[in-house]
Amino acid sequence: MSSTSLLPYLEPAPGSPPLLHAEPAGDAVSWAAAHRDPLRALVLDHGGVLVRGLGLTDPGTSEAVFRRLTEGLMPDREPFAPRRRYADGVYSSTKWPPNQQMCMHHEVSYGLEFPGLLLFACLEAPGSGGATALADASAVLRDLPRDLVSRFEREGWLLTRAYHEEIGASVEEAFGTDDHEAVERYCRRHAIEFAWQSDGSLHTRQRRGAVLRHPSSGLPCWFNQIAFLNEWTMEPEVHEYLVDVYGADGLPFNTRFGDGDPIDADVVRTINEVYDAHTVREPWQDGDLLLVDNIRTAHGREPFEGPREVLAALGNPVLRADGEVSGV
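Right, let's walk through the structure included here. (Residues numbered from 1 in each chain as written. Predicted model: local features only at pLDDT ≥ 70, side-chain atom pairs only at ≥ 80, totals over all residues. Heavy atoms only, no water.)

### A few points about a negative patch on the surface
Defined as follows: A patch consists of residues whose relative accessible area exceeds 30% and which take part in no salt bridge; residues with like charges are grouped when within 9 Å of each other, and nonpolar side chains (Val, Leu, Ile, Met, Phe, Trp, Tyr) when within 5 Å. Values of accessible area rely on a 1.4 Å probe in the Shrake-Rupley scheme; residue burial ignores everything except the protein chains shown. By salt bridge we mean one thing: a side-chain nitrogen of Lys or Arg within 4 Å of a carboxyl oxygen of Asp or Glu. Neither His nor the chain ends contribute to the count of charged residues, in which Lys and Arg are positive and Asp and Glu negative. For charged residues, the charge sits on one atom: NZ in Lys, CZ in Arg, CG in Asp, CD in Glu. Helix numbering and strand numbering both begin at the N terminus, where a helix is a DSSP run of H or I of at least 4 residues and a strand a DSSP run of E of at least 2.
Judged by side-chain charge, E165, E166, E172, E173, D178, D179 and E181 come together as a negatively charged surface patch. Position of D178 among the secondary structure elements: in the loop between α6 (171-175) and α7 (180-189).

The structure is reproduced here in structure tokens:
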């Protein structure tokens, strides 16, 4: 079945991701299984698609739909904030203050293995705001200042992390264990530099490429979390508090140029302005399903009011090797 079979139900709208109206006849799981290939083709063509009408209302049905649409789900490795786990490979969306913007990023772009496909199910839409916004990473790469891109292409980017029990993900939450030897084995396997501090906390550094070619389309994409995990993206009062408590080198996360030089606020602002120019959004409705190509498309979250329950799954693991990727 080709993606053209779904085109009569696809609603393109300026400023919004492609919106597909589904007619599942009360069986979302069977509908997903029958339309897997054309849906995946639409994601490859457009970078993402929002499916409306499936009526997803519970974690069990959502998980079943996710599994019909992927080759497999992967655990959330090296998270920077805790999530609630609903089932193997199915999580709550990242806990982030509802009144704050979650800036554009690519899930686990700092990992050697990361999801190629993201799946979201909206069980309860917020009263206002809270959209999962999207941005075309190939267009972002094209419109960023050439000298800035060239530097990141030469050097990559550096993620530094400091694990504390009080804020962000703990060592156990990030690595699945607090056993020092097991954590060290993980770090060595995944090209992560590590150092245990005198107070028992862990500091890590990992250098990754900032630009990747999509394994299916060959499109070069701006693929990283340089702006999102940078200190200048934090709320000023939060940044001031964390530096005061933990020191400049003890922030839960921060990003640098690949040679270790700090990234100033103007660079972060420039990146986020280009993201903003290419951002599309559609307010969630109860029961919606969103599929996102994690390499081609960055995602973020708008501030919101009221309850919001959106499940997330990380599908189709991709391996990074010396700036290239393999897998789907």
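### What to know about the sheet that holds strand β6 (residues 102-105)
Put simply, the test is: Any two strands are treated as partners once DSSP identifies two or more bridges connecting them.
Pairing within the open sheet is antiparallel, and its four strands lie in the order β6-β18-β9-β16. Each edge of the sheet is formed by a strand with only one pairing partner; in this case those strands are β6 and β16 (279-280). Two elements, strand β9 (residues 132-136) and strand β18 (residues 297-301), share five bridges in a ladder whose sense is antiparallel. When the sheet's bridge partners are listed, A135 is paired in β18 with A298.

### Here's the deal with the pattern of salt bridges
Proximity of charged atoms lets side chains of opposite charge pair with each other. Short version of the rule: Partly exposed describes any residue whose relative accessible area lies between the buried limit of under 20% and the exposed limit of over 50%, with all areas from a 1.4 Å probe on protein chains only and scaled to the type maximum.
Tallying each qualifying case throughout the model produces 19 salt bridges. Between D288 and R52 there is a salt bridge, and its shortest N-O distance comes to 2.7 Å. On the criterion of sequence distance, the pair formed by D288 in the loop between β16 and β17 (289-293) and R52 in strand β3 (residues 48-52) is long-range, its members being 236 residues apart. Taking the relative accessible area as the measure of exposure, R52 reaches 10% and is therefore buried. The residue R67 makes a salt bridge to E63 at a minimum N-O spacing of 3.0 Å. Residue R67 and its partner E63 are located together in helix α3 (residues 59-68), separated by four residues, close to a single helical turn. Looking at R67, the relative accessible area reads 34%, which means it is partly exposed. In this structure, a network of salt bridges that share partners links the residues R151, E155, D259 and D261.

### Digging into the environment of Q100
The line we're drawing: The criterion used for residue contact is that any of the two residues' heavy atoms lie within 4.5 Å.
Structurally, Q100 is set in the loop between β5 (90-92) and β6. With relative accessibility at 18%, the residue Q100 sits in the buried group. Spatially, the C-alpha atoms of Q100 and F304 are 8.2 Å apart, while their sequence positions differ by 204 residues. Among all residues touching Q100, those that are not within four sequence positions of it are E235, R301 and P303.

### Some words on the sheet that holds strand β15 (residues 253-257)
Spelled out, the test is: Only the stretch in contact is used when a helix axis is fitted, and all axes are lines through C-alpha atoms; the angle between N-to-C directions ranges over 0 to 180 degrees.
Overall, antiparallel pairing links the four strands, which are arranged β11-β12-β10-β15 in an open sheet. On the outer flanks of this sheet lie β11 (193-196) and β15, each paired with one strand and no other. Across the sheet, the mean angle separating the axes of adjacent strands is 15 degrees when strand polarity is ignored. Across the sheet, α7 touches β11 and β12 (202-208), and the angle it forms with β11 is around 155 degrees.

### Things to note about the layout of surface pockets
What counts here: Grid points spaced at 1 Å over the protein atoms alone were grouped into cavities, where a 1.4 Å probe fits but cannot get out, and pockets, open sets with protein on both sides within 12 Å along at least five of seven lines, with lining residues defined by an atom within 4 Å of a point. Grid points are joined across faces, edges and corners, and a volume is the space filled by probe spheres set on the points. Amino acids outside the nonpolar list (Ala, Val, Leu, Ile, Met, Phe, Trp, Tyr, Cys, Pro) and the charged list (Asp, Glu, Lys, Arg) are all regarded as polar, and Gly is one of them.
In this structure, the largest pocket spans a volume of roughly 330 Å³. Along its surface, the largest pocket is lined by 17 residues, and W96, P97, I167, V238 and F253 are the ones closest to its centre. In terms of residue class, the lining of the largest pocket is made up of twelve nonpolar, three polar and two charged.

### Digging into empty space enclosed by the protein
Considering all chains together, one arrives at five cavities of 30 Å³ or more under this definition. Estimated volume of the largest cavity: approximately 180 Å³. Along its surface, the largest cavity is lined by 18 residues, and S93, T94, M102, F120 and H299 are the ones closest to its centre. Elements with a minimum of two residues in the lining of the largest cavity: β6, β7 (113-124), β18 and β20 (309-321). No other element matches β20, which puts four residues into the lining of the largest cavity.

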